[in-house]
Amino acid sequence: MTMDLDKSTRKPFVRPVEASWWTKKGFYLAYMLREGTCLLVLAFVLEMLGLYIMTALHITDIQHMNQAGLESLQSYIKFLGHPVMIAFNVLVLIAVLYHAFTWFPLMPKATRVIIKDRKSGLYKLLEGKYLVALLVLAFVATTAAGIIFFYYPQLIAKLLTPLGLFEDALKGLFGSKGLPF
Amino acid sequence: MFRKDRSDEPIYWGLFGAGGMVVAIVLPAIIIATMGLNHSVLDTAMFANVILSPVFSLAFIGIMILCTWHALHRIYHTLHDLTIHVGTLHHLLIYGLALLISLAFIGCYLIILFKNLF
Amino acid sequence: MADKMKITVQRYRPEQDQQPWDQSFEVEYTRETSLLEALNQIKDTQEPTLSFRWSCRMAICGSCGMMVNGVPKLACKTFLRDYAGQEMRIEPLANFPVERDLVVDLSDFIEKLERIKPYIIPKKDEPQPGEQREYIQTPAQLEKYRQFSMCINCGICYAACPQYKINKEFLGPAALTLIYRYNEDSRDGGKEERMKLVNQDTGVWSCSFVGYCSECCPKGVDPASAIQLGKVESAKDYLISMFKKGE
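Procedures and definitions
Residues numbered from 1 in each chain as written. Chains lettered and ligands numbered in written order. Predicted model: local features only at pLDDT ≥ 70, side-chain atom pairs only at ≥ 80, totals over all residues. Helix = DSSP H or I, 4+ residues; strand = E, 2+ residues; numbered from the N terminus. Buried ≥ 20, exposed ≤ 12 C-beta atoms within 10 Å, placed from the backbone. Contact = placed C-beta atoms within 7 Å. Expected span 1.5 Å × (residues − 1). Nonpolar A, V, L, I, M, F, W, Y, C, P; charged D, E, K, R; others polar. Core = buried A, V, L, I, M, F, W, Y, C linked by C-beta atoms within 7 Å. Domains from an automatic or database assignment. pLDDT = per-residue confidence, 0-100. Pairing = 2+ DSSP bridges. Axes fitted to C-alpha atoms, helices over the stretch in contact; angles between N-to-C directions. Parallel < 35°, antiparallel > 145°, perpendicular 65-115°, else oblique. Left-handed = near helix turned anticlockwise from the far one by under 90°.

A. Focus on the overall build of chain A. Helices and strands together make up the secondary structure of chain A, namely 7 helices and 2 strands. When the helices and strands of chain A are read in sequence order from the N terminus, they spell out α-α-α-α-β-β-α-α-α. Burial statistics for chain A: of 181 residues in total, 20% are counted as buried. Counting only contacts in chain A whose residues sit at least 6 apart along the sequence, the fraction spanning at least 24 positions is 40%.

Have a look at this one:
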């Protein structure tokens, strides 16, 4: 085949962009799953909004412990305890934990702390693992505190009451009625 | 706001980032607590005392509002990832929904606060 | 004793092909054989028309980026021994137009590199180029950007980036990394100019932190980190501009 050297044969081939690009690679799939956790977060927020709206609607009944009026709020709480809702919340929890453990390792990338190494005298980047450890610690502390507070409120009261110092503070924190014990 | 010479993403990104931190650190505790609502010692009276507290209630809606902006910001960007061209309409719908949910939380908070105070 | 590897290469000859097609080759390899050497072996002994770019053979020129089993890599830094027992499929670098065989058109990337002014722009109150002057920099100041100055402009991060795949207007990982690298250089005075590019929707805000660029970068530059740091800078710039409006 003879070619005319003055004539360009350029004909760049542009590969098409497929909407399913993220299914082609494990790394991309993990990314899309990470982004997808937000759907369950949103669903849980709506679940909580429902609880909050029910509370606001029945606020007078709650204040006066008006049993008849409290029933619809209680039925919403019962609904949250239904096995289907529990299963759904377990799913949300898994998604949120997946979010958390993809979120923490990325945080050090958005911060930069330069320190002077005592041994070598060289300047270097503070390793990100310390920040990750700090975040994981915060996560563990909050989750543990959350569980203890919601399941064993008496425990906290028992720990604090002997000190006598926090009684008024607790009352202020927990609203006009204070703790029910 | 809505300037031509620069993106307004810093606002949404800031809320997304703060929300992401809240989802990662605080939300697991709230989910676990919710799963136990019906069975734990936390009966309606207990629940009421917590929810009536202005401090706890404010913290709660703060957490929920940040989670909302976090989730909807991610949805907005995921639409783009699915090669859907996101324009002004998508922007208004998605961040409008975030605003609506935020206002609902704030509205309920104010009702609870004022009914509790007076 | 040499092992054998089946290498399938995506071919495209613009003067006669309507679209790319696959051609398979079998090559002998030893422990030291790189993919670049294997491709040269194919070109020398089996298929003289096979086209691909290369130069230094030591991961510093940035010419031989290509897709190896779907992962963007430098051919000179990829060894056949790591694929023993498998087959290898070689495609031109993703997200760029294919000129011929494994040769892609990088002009969009090169244009973006030019646009961000990847060189030190002297500060206004300091001597301009040509005037004699020493620019002193402490080790701590160097450390702020050193990692991000290792870029060899190979384009692998663009092939790894889904956001660039979807939107070619996106400035992209390497360009944004180099912006951060020069903005953080204590000798540079061009930050204000470059921030105009960073602050756009097509600047740092097109990045959704997939992170695959950093995974693939053959020089350990970590572009994803530079972009997130760039987002922080852009957010600061946004806040400052809100108060400076009256100027």
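B. The arrangement of the overall build of chain C in detail. If you tally the helices and strands in chain C, you get 9 helices and 7 strands. Across its three principal directions, the C-alpha atoms of chain C cover 70 × 40 × 30 Å. Buried positions account for 44% of the 247 residues belonging to chain C. Considering only intrachain contacts with a sequence separation of at least 6, the fraction spanning at least 24 residues in chain C is 65%.

C. Examining helix α5 (residues 88-117) of chain B more closely. The first and last C-alpha atoms of α5(B) sit 42 Å apart over 30 residues, in line with the 44 Å expected at 1.5 Å per residue. Listed in full, the buried residues belonging to α5(B) are A98(B), I101(B), F105(B), C108(B), Y109(B) and I112(B).

D. Up close: the interface of chain A and chain C. Contact with chain A, which involves 21 residues of that partner, is made by 26 residues of chain C. Elements supplying a minimum of two residues to the side of chain A that touches chain C: α1 (26-57) and β2 (123-125) of chain A. When its residues are assigned to classes, the side of chain A that touches chain C shows 14 nonpolar, 1 polar and 6 charged.

E. The arrangement of the nonpolar core in detail. Membership of the largest hydrophobic core comes to 69 residues, with the highest contact counts inside it found for C157(C) and L176(C). If you tally residues by element for this core, the top one is helix α6 (residues 173-183) of chain C, at 7 residues. Structurally, this core is a two-domain feature, drawing no fewer than three residues from each of domain 1 (3-104) and domain 2 (107-243) of chain C. Leaving out residues up to four positions away in the same chain, L176(C) has contacts with L171(C), V198(C), G203(C), V204(C), A226(C), I227(C) and G230(C). Counting 48 residues, the second-largest nonpolar core is a separate cluster that includes I62(A), Y12(B), I25(B) and Y109(B).

F. Representation of the confidence of the model for chain A within the structure. Scored by pLDDT, chain A has a mean of 82; 80% of the residues are at 70 or more. Taken as a whole, residues 173-181 of chain A scores under 50 in pLDDT and shows 23 contacts with residues more than four places along the chain or in a different chain.

G. Expanded view of the confidence of the model for chain C. Chain-level pLDDT for chain C is 94 on average; 97% of the residues reach the 70-or-more range. Across the whole predicted complex the pTM is 0.90, and at the interface the ipTM reaches 0.93.

H. Molecular detail of the domain arrangement of chain A. Along its sequence, chain A is carved into domain 1 (20-110) and domain 2 (127-181). When its residues are assigned to classes, the side of domain 1 of chain A that touches domain 2 of chain A shows 5 nonpolar, no polar and no charged.

I. Focus on the domain arrangement of chain C. All names here are of chain C. Taken domain by domain, chain C comprises domain 1 (3-104) and domain 2 (107-243). The centre of domain 1, based on its C-alpha atoms, is set 30 Å off from the matching centre of domain 2. Taken residue by residue, the interface counts 14 residues in domain 1 and 12 residues in domain 2. Secondary structure elements with two or more residues in the side of domain 1 that touches domain 2: β3 (65-68) and β4 (71-74). Looking at the side of domain 1 that touches domain 2 element by element, the count peaks at 4 residues for β4. Of the residues contributing to the side of domain 1 that touches domain 2, the split by class is 9 nonpolar, 3 polar and 2 charged.

J. Structural context of the pairing of β4(C). As paired elements, β3(C) and β4(C) share 4 bridges and run antiparallel to each other. In the sheet register, G65(C) faces β4(C), and the bridge partner there is L74(C).

K. Quick look at helix α9 (residues 223-243) of chain C. Spanning 21 residues, α9(C) covers 31 Å between terminal C-alpha atoms, matching the ideal 30 Å at 1.5 Å per step. Among the residues making up α9(C), those that are buried are P223(C), A224(C), S225(C), A226(C), I227(C), Q228(C), L229(C), G230(C), K231(C), E233(C), S234(C) and Y238(C). For α9(C), the elements touching its buried residues are α1 (9-25) of chain B together with α4 (156-160), α6, α7 (191-198) and α8 (212-216) of chain C.

L. Summary view of the packing of α1(A) against α5(B). It is the contact of α1(A) with α5(B), at a shortest axis distance of 9 Å, that shows an interaxial angle of 30°. Put simply, α1(A) runs roughly parallel to α5(B). Here the hand of the crossing between α1(A) and α5(B) comes out left-handed. Judged by residue contacts, V45(A), L49(A), Y52(A), I53(A), T55(A) and A56(A) of α1(A) engage I101(B), A104(B), F105(B), C108(B), I111(B) and I112(B) from α5(B). Considered class by class, the residues forming the contact of α1(A) with α5(B) number 11 nonpolar, 1 polar and no charged.

M. Focus on the sheet that holds strand β5 (residues 88-92) of chain C. Residue and element names in this part refer to chain C. Read across the sheet, 5 strands follow the order β2-β1-β5-β3-β4 without closing on themselves; strand pairing throughout is mixed. In this open sheet, the two strands that pair with only one neighbour each are β2 (21-29) and β4. The sheet shows a mean angle of 35° between the axes of neighbouring strands, direction not considered. Each of β1 (3-11), β2 and β3 touches helix α1 (residues 35-45); the most contacted strand, β2, lies at about 105° to it.

N. Fine view of the packing of α6(C) against α9(C). Residues and elements named next belong to chain C. In the contact formed by α6 and α9, the axes pass within 8 Å of each other and the chain directions differ by 60°. The pairing of α6 with α9 is recorded here as oblique in orientation. Note on packing geometry: the crossing formed by α6 with α9 is left-handed. Across the interface between the two elements, P173, A174, L176, T177, I179 and Y180 from α6 touch P223, A226, I227, L229 and G230 from α9. In terms of residue class, the contact of α6 with α9 is built from 9 nonpolar, 2 polar and no charged.

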